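Summary of the model geometry
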Amino acid sequence: MVHNLSRVFVLFMVVCVGSVPWVVQSALAGANHSIVLLEYRWVSFPLKVYVDMNEWSIPDYAISVQEALDNWVRSIWNYSETYRGTSLPVVSYLLYLSNVNATTDYDIRLTFTNTTIPPGSKIVGLTVCDWSLTTFEPNPPISITVTTHSRNASSLYVKNVVMHEFGHALGLGEVSENNTSNGPELMYYASSKKLPIYPSTLDVYGLTRLYAAEYDHIVQMPDYIPYIMLSQGTIPVGQGSQQGQRYYFPILVAVSVVIIAAVTLIMLRKKRKHEEATTRPSLVRSKGLNNQMRTS
Ligand SMILES: [Zn+2]
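Below is a summary of the structure that appears in this document. (Residues numbered from 1 in each chain as written. Predicted model: local features only at pLDDT ≥ 70, side-chain atom pairs only at ≥ 80, totals over all residues.)

1. Re the sheet that holds strand S6 (residues 142-147)
Hydrogen bonds between backbone atoms are what pair the strands of a sheet, whose relative direction is either parallel or antiparallel. Short version of the rule: Two strands qualify as a pair provided that DSSP identifies no fewer than 2 bridges between them. The numbering of helices and of strands both runs from the N terminus, where a helix is a DSSP run of H or I of at least 4 residues and a strand a run of E of at least 2. Orientation is described by axes fitted as lines to C-alpha atoms, over the contacting stretch for helices, and by angles from 0 to 180 degrees between their N-to-C directions. Any two residues are considered in contact once their C-beta atoms, placed from the backbone, lie within 7 Å.
If you trace the 5 strands from one edge of the open sheet to the other, you get S3-S2-S4-S6-S5, paired in mixed fashion. On the outer flanks of this sheet lie strand S3 (93-97) and strand S5 (125-128), each paired with one strand and no other. This sheet shows a mean twist of 20° between the axes of neighbouring strands, independent of strand direction. Across the sheet, helix H4 (residues 155-170) is in contact with strand S4 (108-113), S5 and S6; its angle to S6 comes to roughly 160°.

2. Some points on the environment of Cys-129
As a reminder of what qualifies: Buried means a residue has 20 or more other C-beta atoms within 10 Å of its own C-beta, exposed means 12 or fewer, and partly exposed covers the counts in between; C-beta atoms are placed from the backbone.
With respect to the secondary-structure elements, Cys-129 resides in the loop between S5 and S6. Residue Cys-129 is classed as partly exposed on the basis of its 18 C-beta neighbours within 10 Å. Spatially, the C-alpha atom of Cys-129 lies 9.0 Å from that of His-168, the residues being 39 residues apart in sequence. Residues contacting Cys-129, with those up to four places away along its chain left out, are Tyr-40, Pro-138 and Ile-142.

3. Focus on the pairing of S4
Of the two faces of S4, only the one carrying Ile-108, Leu-110 and Phe-112 is buried; Arg-109, Thr-111 and Thr-113 on the other face are not. Looking at chain direction, strand S2 (residues 47-52) and S4 are connected through 4 bridges and run parallel. Within S4, the position partnered with Val-51 by the bridge is Leu-110. Strand direction decides the pairing type here: S4 and S6, joined by 6 bridges, are parallel. Each residue of the ladder has a partner; that of Leu-110, found in S6, is Ile-144.

4. Thoughts on the nonpolar core
Our working definition: As used here, a nonpolar core is made of buried Ala, Val, Leu, Ile, Met, Phe, Trp, Tyr and Cys residues. They are joined through C-beta atoms within 7 Å.
Counting 51 residues, the largest nonpolar core has Val-49, Val-65, Ile-108, Leu-110, Val-162 and Phe-166 as its most contacted members. If you list the elements that add at least two residues to this core, you get strand S1 (34-37), S2, helix H3 (59-82), S4, S6, H4, strand S7 (172-175) and helix H5 (201-210). What Ile-108 contacts, discounting residues up to four positions off in sequence, is Leu-47, Val-49, Tyr-50, Pro-141, Ile-142, Ile-144 and Ala-169.

5. Overview of the sheet that holds S7
Read from one edge to the other, the open sheet built from 3 strands follows the order S7-S1-S8, with strand pairing classed as antiparallel. The open sheet has two edge strands, S7 and strand S8 (218-220), and neither has a second partner. Put simply, the sheet's adjacent strands are angled 30° from each other on average, direction ignored. Here 2 bridges tie S1 to S7, and the two strands are oriented antiparallel to one another.

6. What to know about the environment of Glu-214
In this fold, Glu-214 is placed in the loop between H5 and S8. The spatial distance from the C-alpha of Glu-214 to the C-alpha of Leu-38 is 9.0 Å, given a sequence separation of 176 residues.

7. Regarding the packing of H3 against H4
In plain terms, the rule: What sets the label is the angle itself: under 35 degrees gives roughly parallel, over 145 gives roughly antiparallel, 65 to 115 gives roughly perpendicular, and the rest give oblique. Definitions for this section: a left-handed crossing has its near helix turned counterclockwise from the far helix by less than a right angle. A right-handed crossing has that turn clockwise. Classification convention: Asp, Glu, Lys, Arg as charged; Ala, Val, Leu, Ile, Met, Phe, Trp, Tyr, Cys, Pro as nonpolar; all other residues, Gly among them, as polar.
Interaxial distance between H3 and H4 falls to 8 Å at its minimum, and their mutual angle equals 45°. Considered as vectors, H3 and H4 are oriented oblique to each other. For H3 against H4, the interelement crossing comes out right-handed. On H4, the residues that touch Asp-60, Tyr-61, Ile-63, Ser-64, Val-65, Glu-67, Ala-68, Leu-69, Asn-71 and Trp-72 of H3 are Ser-155, Val-158, Lys-159, Val-162, Met-163 and Phe-166. Of the residues contributing to the contact of H3 with H4, the split by class is 10 nonpolar, 3 polar and 3 charged.

8. With respect to the packing of H3 against H5
Contact geometry for H3 and H5: axes closest at 10 Å, N-to-C directions at 75°. Relative to H5, the element H3 lies roughly perpendicular. Along its contact with H3, which presents Ser-75, Ile-76 and Tyr-79, the element H5 presents Thr-201, Val-204 and Leu-207. Split by residue class, the contact of H3 with H5 holds 4 nonpolar, 2 polar and no charged.

So, in structure tokens, the structure goes:
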């Protein structure tokens, strides 16, 4: 019984000490890098994205939309490959163009317009969503509107605006910072329209929290994740885990010391019990011997 209790105690200590890294990480969580999460997320993929190729569009914009969505898919994949064990679903989409493969069954509808979008004169993209407060699922379709400035907007401009709006369609809000350490922040409210841009680690980290059911929150990215713009490539391999090891190493040493101490304690206790057990019968035997001696 005592032995079992010791084991339970050791396990408890391991659990307690083992949870320290997460406590430390939460405390150290990058106070600077936070993102707003909206109150909805999708539960099934692929998402059916319908693009209304109206009079304010040119064929190139269809490619811009496809590239914008592909950047999300790739960035999420890259992030998930680096930080395994995240709760992110495999985000994928099906693209429908009104002039190629029109459909009436879609989750997201994207429309082009000629001017900026009311009420603000500076609004170049807008996402409108209606969602359920019980299931936190969008009631399709989510509507995205993007201005092409009467078809004068460049393909890159349209691609960047669509990518930002698609972040909202996935359930992300805004980021208050305009730059990551290697490029513009996509989910900044006025993100760049002229530079090549991709979702950031913060954006995808936000999705991992949102898709783990943290609705309507502002979440901070832990320090062990570098704040970078994801790209066509991957996050530098091991960067996240190496930084994590800095925090884990002293804690691992502490855990080892506790385990060694506990095991030594158990062994000593076991040895003492064994000694007590072997001493008692020998007393009985000597008594018996004494008895025998008396009778002889
Ligand atoms: Zn926005």
